[in-house]
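Spelled out, the chains give:
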Amino acid sequence: MREIVLAARDVRRDYPVVGEPVHAVRGISLDVAAGDWVAVVGPSGCGKSTLLNLLGAIDRPTAGSISIRGKDVARMNDAEATRFRLTGIGFVFQRFYLMPTLTASENVELPMSEAKVPRAQRVARARELLTYVGLGARADHRPYQLSGGEQQRVAIARALANQPALLLADEPTGELDARTGTEMIALFDRLNRDGTTIVTVTHDEELAQAARRVVHMKDGAIVDQVVRRPLGDDAPAARGATA
Amino acid sequence: MMLRLALATLSRRRARTALTTAGVAVAAAMLLDMVMLGSGMRESFRGFIEQQGFQIRLTPRGTMPFDSEATVGGGAALVQAVSADPDVVKVAPLIGSKIFSRVTAASTSANTPPSGADSVVAAFVLGVVPAVQGDYLIVEGRELAAPDEMVVNASYLAATGFAVGDTVQIAAGYDAQMRRFAGTRTVRIVARARFVMLGGTERAAALPLETVQAMGGPERADRVSVVMVATRPGADIETVRLRLEAADARVSALSTAAALKFVDERLGYFRQLAFILATVSLAVGFLLVTTLVTVSVNERIGEIAVMRAIGVARWRIVAQVMAEGVALSLVGATIGLGLGLITAKWLNGILAAFPGLPAAFDFFYFEPAAAFRSLGLLVLCGIAAGVWPAWRAATLPIAKTLREEAVA
């Protein structure tokens, strides 16, 4: 029996738009076991990103509970949630959001610096992670010297810096061309096969097909779930998944 | 790493940062100049008073030294009475008046009289006791040693064409219509001197006290304008002052502190203006830093939201944004310090050329503690300027900001 890393129960998120309440997430329950890779898909505005923000403790549910590794993130105060995001969750964003004034290595070091990891250790781990994502030789490059795909790899390395329990990715291939997107999917697949638990929100069919489980959302609710590869099946998922 | 990030953010928009820093530097320079100006005249005046070496001045009741032409009779007795005070170590009576110098081609030694032949040059004259005087410093020549000797300043020499060593004719009065002199005397110029309290362009001379009194006829016999009093070290100046004032109802006794207070009152508007301009400088510095930091935060709103999302604490964001304000203020204040000193020197040169001001009078007085206090205040303003944009950055709703950034 695998550990349940993430357990969401009847999660709701309402917010007002021009005075009218919008029910962005309507009573979602979801379990994610260690080593799983869940892709959340659905039409624009169906609440995928809102759900991801709630799971990542950067937004609070109106009702329901979200437990990550046994900690109820919905009831954490700002300081606790911030600390939890730092050490417990890795974020990958569609637009990479690297710090433009820092090198690739320094970008990866940033969360470790915040977590008070000694300098020597964080420099070594940043190099190790950049090598893992295939950018060992570009550690001293700044974001503007890197392609979109390379920037997203740095962002993934940054997300993994503090060895989080869960990697959350919001449209990670959304800004990439098809070829680079495929390479990114292969990288996610490798990460997952190496033990990283991943939840991705995506419109990218190819990325969704690579996940172990696909969750379909519509109007703020889960309408379908498909297990494509059960946990324990470590065969490469996507075509050309050889990042 | 946060400090590095703050500095890197500033260097990201070099031209904008440089312009803002220049603006802060100008504000800092103006602030420094206003602080220097606020205390400069007072400190200059204090320097002059202290340079003379007297702590108390006795003047005709209700007047300030040389504020009017009022004099006190019985000068010798007054000096004797004051000298008898156990706390008094030196007494220097003075009389201020005018002399008229007759300038002819024959009367000059080498130079042609600048005002033309047979002209009359008026000058302010001090009657002094040479052994105790503190009103002039000899630049060339020697101190007065006889009743018919005279010390003059460079302006007098320039106006008359006389030189040190010349024997000249002077008078206590001159009727321009009748071209008639009164109270004439032939004296020898024995020195060129710098008169402490007089402007560089003002013509001035000094004669022995009894000579000036005698030249004025019976009206000026044994009269004095001011009696300068030096007290023994350790004496309570205020007590001595009150004692001297009580001893003779005809005189007012003015201490250095009272003289400075008088100057303070006279310079009140000047100081207020300096204070207002200094406040404006601080406000300008504050607004410049606030504007730049706010613009910088607005540009990086997505980055800041991501930093919060990946677990950077609020206070670290606040510290990073405020560090930008502090760095701008510190660099601006440091440049402003140099700029302020340069502009103060330049402005001092312009203002010191005003007629009637002592030659060495400084409008801008550099007092390191006050200068650093004011620049410290500017840096504090820089810190305060970063508070609002920093707090705004730190309290951004992360999810909403990321969503809006994605849409943008």
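About the criteria used
- Residues numbered from 1 in each chain as written.
- Chains lettered and ligands numbered in written order.
- Predicted model: local features only at pLDDT ≥ 70, side-chain atom pairs only at ≥ 80, totals over all residues.
- Helix = DSSP H or I, 4+ residues; strand = E, 2+ residues; numbered from the N terminus.
- Buried ≥ 20, exposed ≤ 12 C-beta atoms within 10 Å, placed from the backbone.
- Contact = placed C-beta atoms within 7 Å.
- pLDDT = per-residue confidence, 0-100.
- Pairing = 2+ DSSP bridges.
- Axes fitted to C-alpha atoms, helices over the stretch in contact; angles between N-to-C directions.
- Parallel < 35°, antiparallel > 145°, perpendicular 65-115°, else oblique.
- Left-handed = near helix turned anticlockwise from the far one by under 90°.
- Nonpolar A, V, L, I, M, F, W, Y, C, P; charged D, E, K, R; others polar.
- Core = buried A, V, L, I, M, F, W, Y, C linked by C-beta atoms within 7 Å.

Here we take up the overall build of chain A. In terms of helices and strands, chain A carries seven helices and ten strands. Here chain A holds 243 residues, and 51% of them are scored as buried. In chain A, once contacts between residues fewer than 6 apart in sequence are set aside, the share between residues at least 24 apart is 69%.

What follows deals with the overall build of chain B. Per the secondary structure count, chain B includes twelve helices and ten strands. Here chain B holds 408 residues, and 42% of them are scored as buried. Contacts in chain B between residues at least 24 apart in sequence constitute 84% of all its contacts with a sequence separation of at least 6.

So, about the confidence of the model for chain B. Residues and elements named next belong to chain B. With 94% of its residues at a pLDDT of 70 or more, chain B has an overall mean of 85. Put simply, helix H1 (residues 2-12) is where chain B has its lowest mean pLDDT, 77, and strand S5 (residues 149-152) is where it has its highest, 95. Across residues 110-116 the pLDDT falls below 50, and counting only partners more than four positions away or on other chains, this stretch makes 16 contacts in the model. Taken over the whole predicted complex, pTM reads 0.68, whereas the ipTM for its chain interfaces reads 0.89.

Another point: the sheet that holds strand S1 (residues 4-17) of chain A. All names here are of chain A. As summarised here, the arrangement of the four strands in space is S2-S1-S4-S5, forming an open sheet in which the pairing is antiparallel. Unpaired on one side and paired on the other, strand S2 (20-33) and strand S5 (71-72) mark the two borders of the sheet. Note: S1 against S2, ten bridges, orientation antiparallel. Bridged to Arg13 within S2 is Val25.

This next bit is on the pairing of strand S10 (residues 221-227) of chain A. Residues and elements named next belong to chain A. Relative to S10, strand S9 (residues 213-218) is paired through six bridges, and the arrangement is antiparallel. Note on S10: the bridge partner recorded for Val214 is Val226. Linking two consecutive strands that pair antiparallel, namely S9 and S10, is a turn of two residues; a positive phi of about 50° is found at Asp219 within it.

A few words on the packing of helix H5 (residues 148-159) of chain A against helix H6 (residues 178-193) of chain A. All names here are of chain A. Relative orientation of the contacting elements H5 and H6 amounts to 20°, with a least axis distance of 10 Å. Taken together, the axis directions place H5 and H6 in an arrangement best described as roughly parallel. Crossing hand, H5 versus H6: right-handed. Along the contact surface, H5 presents Gly148, Gly149, Gln152, Arg153 and Ile156, while H6 presents Thr180, Glu183, Met184 and Leu187.

Turning to helix H3 (residues 104-114) of chain A, a few remarks are in order. Along an α-helix, residues three or four apart share an orientation, since each turn contains 3.6 residues. By the criterion of burial, H3 of chain A is predominantly enclosed, with eleven of the eleven residues buried. Within H3 of chain A, burial applies to Ala104, Ser105, Glu106, Asn107, Val108, Glu109, Leu110, Pro111, Met112, Ser113 and Glu114 of chain A. Those residues of H3 of chain A that are buried lie in contact with helix H2 (78-88), helix H4 (119-132) and H5 of chain A together with helix H10 (314-351) of chain B.

How big an interface is tends to be reported as the loss of accessible area on association of its parts. Counting from both sides, the interface comprises 21 residues of chain A and, opposite them, 19 residues of chain B. At the level of secondary structure, the elements contributing two or more residues to the side of chain A that touches chain B comprise helix H1 (48-55), H2 and H3 of chain A. Ranked by residue count, the leading element in the side of chain A that touches chain B is H2 of chain A, at five residues. In the side of chain A that touches chain B, the residues fall into nine nonpolar, six polar and six charged.

Attention now goes to the environment of Gly173 of chain B. All names here are of chain B. Along the chain, the position of Gly173 falls in strand S6 (residues 167-175). A residue is classified by how many C-beta atoms lie within 10 Å of it, and Gly173, with 16 of them, is partly exposed. Along the sequence, Gly173 and Phe100 sit 73 residues apart, while their C-alpha atoms lie 6.6 Å from each other. With residues up to four places along the chain from it excluded, the contact list for Gly173 reads Phe181, Ala182 and Gly183.

It is worth spelling out the sheet that holds S9 of chain A at this point. Residues and elements named next belong to chain A. Across the sheet, six strands lie side by side as S6-S7-S8-S3-S9-S10; this open sheet has mixed pairing. A single partner strand is all that each edge strand has here, and the edge strands are strand S6 (89-92) and S10. Each strand axis lies, on average, 20° off the axis of its neighbour in the sheet, ignoring direction. Judged from the four bridges that link them, strand S3 (residues 37-41) and S9 form a sheet pairing that is parallel. Of the residues in S9, the one forming a bridge with Ala39 is Val214.

Our next topic: the packing of H3 of chain A against H5 of chain A. Residue and element names in this part refer to chain A. Put simply, H3 and H5 touch, their axes get as near as 8 Å, and they point 30° apart. With respect to their mutual orientation, H3 and H5 come out roughly parallel. Crossing geometry of H3 relative to H5 is assigned as right-handed. Across the interface between the two elements, Ala104, Asn107, Val108, Leu110 and Pro111 from H3 touch Val154, Ala157 and Arg158 from H5. For the contact of H3 with H5, the residue count by class is six nonpolar, one polar and one charged.

Another point: the environment of Gly96 of chain B. Residues and elements named next belong to chain B. Looking at where Gly96 falls in the secondary structure, it is placed in strand S2 (residues 88-103). Here Gly96 falls in the partly exposed class, since 18 other C-beta atoms lie within 10 Å of it. Here the alpha-carbon distance between Gly96 and Gly127, two residues 31 residues apart in the chain, equals 6.3 Å. Residues contacting Gly96, with those up to four places away along its chain left out, are Phe66, Phe124, Leu126 and Ser225.

What follows is about the confidence of the model for chain A. Per-residue confidence for chain A averages 90 on the pLDDT scale, and 95% of its residues sit at or above 70. Counting interchain partners and residues more than four positions distant, the pLDDT-below-50 stretch residues 238-243 of chain A has 17 contacts.

Residues and elements named next belong to chain B. The biggest cluster of nonpolar side chains holds 130 residues, and the ones touching the most others in it are Ala28 and Leu31. The biggest single contributor to this core is helix H2 (residues 14-52), with 16 residues. Among the nonpolar cores identified, the runner-up in size contains 56 residues, and Ile56, Leu78, Val190 and Phe195 belong to it.

Time to look at the pairing of S6 of chain A. Residues and elements named next belong to chain A. What you see with S6 is no split at all: Ile89 and Phe91 on one side and Gly90 and Val92 on the other are buried throughout. Here S6 runs beside strand S7 (residues 166-170); their pairing, made up of four bridges, is parallel. Along S7, the bridge assignment pairs Gly90 with Leu167.

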